[in-house]
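Summary of structural features
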Amino acid sequence: MTSSAIALDCFAIVAPGLEPFALAEAQALGLNAVAEEGGLAWSGDARSALLANTALRIASRVLVRLASFEARSFAELERHARRIAWGRVLRAGDAVRFRVTCKKSKLYHSDAVAQRLADAAMRVVPGVRAEGGSATEDEIDDGDEDVSLIVVRLMRDRCTVSADSSGALLHRRGYRQATAKAPLRETIAAAMLAASEWDNTSPLVDPLCGSGTIPIEGALQARQIAPGAHRRFAMERWPTVAPSLGERVRAELAERARPRADAEIVGSDRDAGAIAAASSN
């Protein structure tokens, strides 16, 4: 079955408090999203998920829900896990990692939950290899292009299983190779610009620019350059996603880019090392 024939239940994770700014951005992209605690939810096709990954500036990760069910015992968990359509996001021979959080549930051992789900995935998709027990957020921050991530949340005995469609977290645009002290995440810088209601034409001045994150995010925004224009995403490896879809989405967004910003954008810092890092970035 092709990606265009599958309706996806998508959720973009957003830092707490930034949901209204991310929602406005998603709606401007044409995503029929609604704000929920911790992010944005919408139903769409693979193109919508790739569009979110490529063009959302404030979201940190895009998940696609595979299943949601009650599980008060491991037997119940295993029964439901074997019914999950693992083949939609995993290929034979793929390595997979699980990140499991358990709260207020009878099943509270995250490594044991991860193992049951891994066993089910390996039964459904031959040759799948599980990478260790439940991963921590720090272990999966950077993403690994060779390892698929499954995010599992057990809350009050309700188990939600989602596939990470992003890979490396979305704040990793690819331009920041040099950093100054206490670097600001690109997604937070984009949210600060949204909260300031900057209009893309008034001068933008950052007198404490550090490694240049706010001025660079402002320039990307003013020129309408998609933040993920120069990277690939985990879902581009999924069996149900056409190999050319990611390139088509990036090409479509590239057509909207402007040759220059209308606004004057200035960054300065008292630290010479910070200026060198900002200039390099």
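This text follows the structure it describes.
Scoring rules and cut-offs
Residues numbered from 1 in each chain as written. Predicted model: local features only at pLDDT ≥ 70, side-chain atom pairs only at ≥ 80, totals over all residues. Heavy atoms only, no water. Helix = DSSP H or I, 4+ residues; strand = E, 2+ residues; numbered from the N terminus. Rg over C-alpha atoms; globule rule 2.2 N^0.38 Å. Areas by Shrake-Rupley, 256 points an atom, 1.4 Å probe, with all protein chains shown as cover. Lys, Arg positive; Asp, Glu negative; His and termini not counted. Charge placed at Lys NZ, Arg CZ, Asp CG, Glu CD. Buried < 20%, exposed > 50% of the residue type's maximum accessible area, 1.4 Å probe, protein only. Arc of directions from axis to C-beta. Contact = heavy atoms within 4.5 Å. Salt bridge = Lys/Arg side-chain N within 4 Å of Asp/Glu carboxyl O. Phe/Tyr/Trp six-rings, centres within 6.5 Å; stacked < 30°, edge-to-face > 60°. Lys NZ or Arg CZ within 6 Å of the ring centre and 35° of its normal. Axes fitted to C-alpha atoms, helices over the stretch in contact; angles between N-to-C directions. Parallel < 35°, antiparallel > 145°, perpendicular 65-115°, else oblique. Left-handed = near helix turned anticlockwise from the far one by under 90°. Nonpolar A, V, L, I, M, F, W, Y, C, P; charged D, E, K, R; others polar. Core = buried A, V, L, I, M, F, W, Y, C linked by side-chain atoms within 4.5 Å.

A few words now on the overall build of the chain. Within the chain one finds nine helices and ten strands. Rg of the C-alpha trace for the chain: 20 Å, near the compact-globule value of 19 Å for 281 residues, within the 12% margin. Taking the principal axes of the C-alpha coordinates as reference, the chain spans close to 60 × 35 × 30 Å. For the chain, the computed accessible surface area is about 13600 Å², with 51% contributed by carbon and sulfur atoms. Computed over 36 positive and 36 negative side-chain charges, the inter-centroid distance for the chain is 5 Å.

Let us now look at helix H3 (residues 74-81). What H3 keeps buried is the set Glu76, Leu77, His80 and Ala81. One side of H3 holds all its buried residues, which, seen down the axis, span an arc of 130 degrees.

To continue, consider the environment of Gly38. Relative to the helices and strands, Gly38 is located in the loop between strand S2 (34-36) and strand S3 (39-44). Taking C-alpha positions, Gly38 is 9.9 Å from Ala59, a pair spaced 21 residues apart along the chain. With residues up to four places along the chain from it excluded, the contact list for Gly38 reads Phe11, Ala12, Ile13, Val14 and Glu19.

Looking now at helix H2 (residues 46-55). Burial analysis of H2 places nine of its ten residues in the buried class, which makes it a mostly covered element. On the buried face of H2, the contacting elements are strand S1 (8-13), helix H1 (19-28), S3, strand S4 (61-70) and helix H8 (245-254).

As a further point, take the pattern of salt bridges. One pass over the structure, following the stated rule, counts 17 salt bridges. Across the pair Arg65 and Asp9 runs a salt bridge whose closest N-O atoms are separated by 3.7 Å. Placement of the pair is Arg65 in strand S4 and Asp9 in strand S1, with a sequence separation of 56 residues. A salt bridge links Glu131 to Arg129; the nearest nitrogen and oxygen atoms lie 3.4 Å apart. For Glu131, a relative accessible area of 32% translates into the label partly exposed. We classify Arg129 as partly exposed; its relative accessible area is 43%. Through salt bridges with shared partners, a single ionic network connects Glu70, Arg72, Lys106, Asp157 and Arg158.

This brings us to the packing of aromatic side chains. All chains considered together, the criterion is met by one aromatic pair. Each ring, one from Trp86 and one from Phe98, has its centre 6.1 Å from the other, and the planes form 75 degrees; the classification is edge-to-face. Of this pair, Trp86 sits in the loop between H3 and strand S5 (95-103) while Phe98 sits in strand S5, and the two are twelve residues apart along the sequence. On the accessibility criterion, Trp86 (0% relative accessible area) is buried. Taking the relative accessible area as the measure of exposure, Phe98 reaches 2% and is therefore buried. In this structure, Arg116 is placed above the aromatic ring of Phe74, and the distance from its NZ or CZ to the ring centre is 4.1 Å.

Between two packed helices, the angle of one axis relative to the other and the distance separating the axes together describe the packing. Contact geometry for H2 and H8: axes closest at 10 Å, N-to-C directions at 55 degrees. With respect to their mutual orientation, H2 and H8 come out oblique. You can see that H2 and H8 cross each other, and the crossing is right-handed. Note on element contacts: H8 touches H2 through Leu245, Gly246, Val249, Arg250, Glu252 and Leu253, opposite Ala46, Arg47, Leu50, Leu51, Thr54 and Ala55. A breakdown of the residues in the contact of H2 with H8 according to their chemical character gives seven nonpolar, two polar and three charged.

Time to look at the packing of H3 against helix H4 (residues 110-124). Two elements in contact, H3 and H4, have axes whose closest approach is 9 Å; the angle formed by their N-to-C orientations is 35 degrees. As H3 packs across H4, the resulting crossing turns out to be right-handed. Within the contact between the two elements, H3 uses Phe74, Leu77, Glu78 and Ala81 and H4 uses Ala112, Val113, Arg116, Leu117 and Ala120. A class-by-class count of the residues in the contact of H3 with H4 yields seven nonpolar, no polar and two charged.

Before going further, it helps to examine the nonpolar core. Soluble globular proteins: nonpolar side chains tend toward being buried together. Judged by nonpolar contacts, the single largest core of 64 residues is most densely connected at Trp86, Phe98, Leu117, Ile150, Val152 and Val161. If sequence neighbours within four positions are ignored, Val152 has contacts with Phe98, Arg99, Val100, Thr101, Val113, Leu117, Cys159, Thr160 and Val161. Residues Ala189, Ala222, Ala261 and Ala263 belong to the second largest nonpolar core, which totals eight residues.

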